[in-house]
Amino acid sequence: MSHRTAIVPEATWVARWAGSLLCLVVAGVHVVDQGGITATRDPSYIGIAYHVLEIAAVVAAVLLLLGLVRLGWLLAVGVALGPLVGYILSRGPGLPDYSDDIGNWTEPLGLVSLAVEGALLLLSVPLFVRSLRPEPRVSGSIGD
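Please read these numbers as outputs of a predicted model, since none were measured by experiment.

Thresholds applied
Residues numbered from 1 in each chain as written. Predicted model: local features only at pLDDT ≥ 70, side-chain atom pairs only at ≥ 80, totals over all residues. Heavy atoms only, no water. Helix = DSSP H or I, 4+ residues; strand = E, 2+ residues; numbered from the N terminus. Buried < 20%, exposed > 50% of the residue type's maximum accessible area, 1.4 Å probe, protein only. Lys, Arg positive; Asp, Glu negative; His and termini not counted. Salt bridge = Lys/Arg side-chain N within 4 Å of Asp/Glu carboxyl O. Polar contact = N/O pair within 3.5 Å; in protein donor to acceptor, adjacent residues only side chain to side chain. Contact = heavy atoms within 4.5 Å. Phe/Tyr/Trp six-rings, centres within 6.5 Å; stacked < 30°, edge-to-face > 60°. Lys NZ or Arg CZ within 6 Å of the ring centre and 35° of its normal. Axes fitted to C-alpha atoms, helices over the stretch in contact; angles between N-to-C directions. Parallel < 35°, antiparallel > 145°, perpendicular 65-115°, else oblique. Left-handed = near helix turned anticlockwise from the far one by under 90°. Nonpolar A, V, L, I, M, F, W, Y, C, P; charged D, E, K, R; others polar.

Within the fold, Glu-117 resides in helix 4 (residues 108-132). No salt bridge is formed by the buried Glu-117, whose closest oppositely charged neighbour, Arg-91, lies at an N-O distance of 9.1 Å. A polar contact of 2.4 Å, which involves the side chain of Glu-117, links it to the side chain of Ser-113. With residues near it in sequence (within four places) discarded, Glu-117 still touches Val-26, His-30, Ala-80, Pro-83 and Leu-84.

Our focus in this paragraph is the packing of aromatic side chains. Throughout the structure, instances matching the rule amount to one aromatic pair. For the ring pair Tyr-87 and Trp-105, a centre distance of 5.9 Å and an interplane angle of 65 degrees mean the geometry is edge-to-face. With Tyr-87 in helix 3 (residues 69-91) and Trp-105 in the loop between helix 3 and helix 4, the pair connects residues that are 18 residues apart, well separated along the chain. Using a relative accessible area of 7% as the deciding quantity, one classes Tyr-87 as buried. Sitting over the ring of Trp-13, Arg-16 keeps its end group 4.3 Å from the ring centre.

What follows covers the packing of helix 2 (residues 44-66) against helix 3. Taken N-terminus to C-terminus, the directions of helix 2 and helix 3 make an angle of 150 degrees; their axes are 8 Å apart at the nearest point. Judged by the inter-axis angle, helix 2 sits roughly antiparallel to helix 3. Handedness of the helix 2/helix 3 crossing: left-handed. Mapping the contact onto sequence places Leu-53, Ala-56, Ala-57, Val-59, Ala-60, Leu-63 and Leu-64 in helix 2 and Val-69, Leu-71, Gly-72, Trp-73, Leu-75, Ala-76, Val-79 and Pro-83 in helix 3. Classifying every residue of the contact of helix 2 with helix 3 gives 14 nonpolar, one polar and no charged.

So this is what it looks like as structure tokens:
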């Protein structure tokens, strides 16, 4: 089974473009939140997580646009799910050495982030699952 799509129906192109755009918006929101592309959040593990997320989001977008859908959608699921979990943990119980956002559930940029990540998760999970299905065989081919 190939990771690359041979013939891409129009609906698949639309989903891949939408997924790519959502991934890039997730990256952009986190760049803004951290104070710029070269800035790093404190504590350092939060700053590193932001940079890893931003890189993963760009890589997922590129993979989807190149047609490497299985890996692209899997990475997109992570790009959506990771920050959602981080948001809940940072606003709920807090994270080690990071309690600045406890109870800050209505921060506008955080809400935008949740909306984009939620949309990406709703798009990417079913399309990743679909990418796991075996491709239908074409009848009449050699060996049939």
